Amino acid sequence: MRIIAHAKINWVLDITGERDDGYHLMDMLMQPIGLADTIRLTDADAISLTISGNPDLSCDASNLAWRAAVLLQPYADRPRGVNITLEKVIPCGAGLGGGSADAAAVLLGLNQLWGLSLPKETLEKLALNLGADVPFFLNSGLCRVQGIGEDVRSLSRGPKWPLVIIQPCDGLSTKDIFAAFDASEQVVHPDIDGMEQILVREDLSVLPIHPGNVLEQVSCQGRPEIGQAAGFLVRNGAVCAQMSGSGSAVFGVFENTRAADAAAASAKERWEKVFVCTTCEETLQIHV
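Reference entry: report on the structure contained in this document.

## Regarding the packing of helix H1 (residues 64-72) against helix H2 (residues 98-113)
(1) Moving on: In the contact formed by H1 and H2, the axes pass within 8 Å of each other and the chain directions differ by 30 degrees. With respect to each other, H1 and H2 are oriented roughly parallel. Considering only the axes of H1 and H2, their crossing is right-handed. Contacts from Leu 64, Ala 65, Ala 68, Ala 69 and Leu 72 in H1 reach Gly 99, Ser 100, Ala 103, Val 106, Leu 107, Leu 110 and Asn 111 in H2.
(2) Moving on: Looking at the contact of H1 with H2 residue by residue, the classes come out as 9 nonpolar, 3 polar and no charged.

So this is what it looks like as structure tokens:
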């Protein structure tokens, strides 16, 4: 079984509060993009993981893809294992959800490969144990994601617009970023309802230059390259540009592929990790 696991961008990321257990309450608009990893699953006696494309990733039980398989083992009618082969394309520490997408791919794929027939609701509950972004990847299109990631509402197929993505630097610790946000004295919350309407209408003409990510300011304080990359994209024709997730990747939206290709060519003269793709509808594509 082969699964294409797409990355995501955060059109909007807001933090609306904090639970008693310390988890932050989120309100986000998220959509998959063409940038994707490839996961292959083969039935086996035990769990194993092989990764190509990124030698820094662990191939053991600490990896989200491995952990996803472990979560499903109790639901099988007999002891089951799987050989997981992961071809990494999505950059790590970027805020593009690569690890979460891989985990969701394993959940969805093994549910089929092992004949578990678990409903989507059960898979989403298991997914939340792996991370706040993982339930999103079991859905498709433009989604509004709230709470700690458990409340996912599909809004539309979402616009299909050309993107240039730059990862200008290494990522920061997500824990440190949230701690810095908590210490911030002034936070400007984005107009997420207004942005939702723009995206559902697919109206590029009124897309704001910075749709709104409340983590971007504190991330830029630790990694000023993030702000520099966003500014570069706007100066080179992007209709809007901002950081995705907690960083460090920045995406720019372009009116057409020609403009995106030109901006990407200029970006590659300065940064190593530059990608051209589009927003898309599917998060996961299974090929048996």
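## Digging into the sheet that holds strand S8 (residues 240-243)
(1) Moving on: With respect to topology, 4 strands assemble into an open sheet ordered S8-S9-S7-S10, the strand pairing being antiparallel. Edge positions in the sheet fall to S8 and strand S10 (273-278), since each of these pairs with one other strand and no more. The mean angle between the axes of side-by-side strands here comes to 20 degrees, regardless of whether they run parallel or antiparallel.
(2) Moving on: Judged from the 6 bridges that link them, strand S7 (residues 162-167) and S10 form a sheet pairing that is antiparallel. Bridging across to S10, Val 164 finds its partner in Val 276.
(3) Moving on: Sheet contacts for helix H8 (residues 257-267): S7 and S10; angle to S7, the most-contacted strand, approximately 15 degrees.

## Topic: the pattern of salt bridges
Where charged atoms from two side chains of opposite charge come close, those side chains can pair.
(1) Moving on: Counting across every chain of the model gives 11 salt bridges.
(2) Moving on: For Lys 8, the salt bridge is made with Asp 133, and the minimal N-O distance between the two is 3.8 Å. Of the two residues, Lys 8 is situated in strand S1 (residues 2-18) and Asp 133 in the loop between helix H3 (120-128) and strand S5 (142-147); the sequence distance between them amounts to 125 residues.
(3) Moving on: Among the residues examined, Lys 8 registers a relative accessible area of 1% and is labelled buried.
(4) Moving on: The salt bridge partner of Arg 80 is Asp 43, with a shortest N-O separation of 2.7 Å. One end of the pair, Arg 80, is in the loop between H1 and strand S4 (81-87); the other, Asp 43, is in strand S2 (residues 24-44), and 37 residues separate them in sequence.
(5) Moving on: Judged by its relative accessible area of 38%, Asp 43 falls in the partly exposed class.
(6) Moving on: One connected set of salt bridges, linked through shared partners, spans Asp 27, Arg 144, Asp 193 and Glu 196.

Analysis parameters
Residues numbered from 1 in each chain as written. Predicted model: local features only at pLDDT ≥ 70, side-chain atom pairs only at ≥ 80, totals over all residues. Heavy atoms only, no water. Axes fitted to C-alpha atoms, helices over the stretch in contact; angles between N-to-C directions. Helix = DSSP H or I, 4+ residues; strand = E, 2+ residues; numbered from the N terminus. Parallel < 35°, antiparallel > 145°, perpendicular 65-115°, else oblique. Left-handed = near helix turned anticlockwise from the far one by under 90°. Contact = heavy atoms within 4.5 Å. Nonpolar A, V, L, I, M, F, W, Y, C, P; charged D, E, K, R; others polar. Pairing = 2+ DSSP bridges. Salt bridge = Lys/Arg side-chain N within 4 Å of Asp/Glu carboxyl O. Buried < 20%, exposed > 50% of the residue type's maximum accessible area, 1.4 Å probe, protein only.

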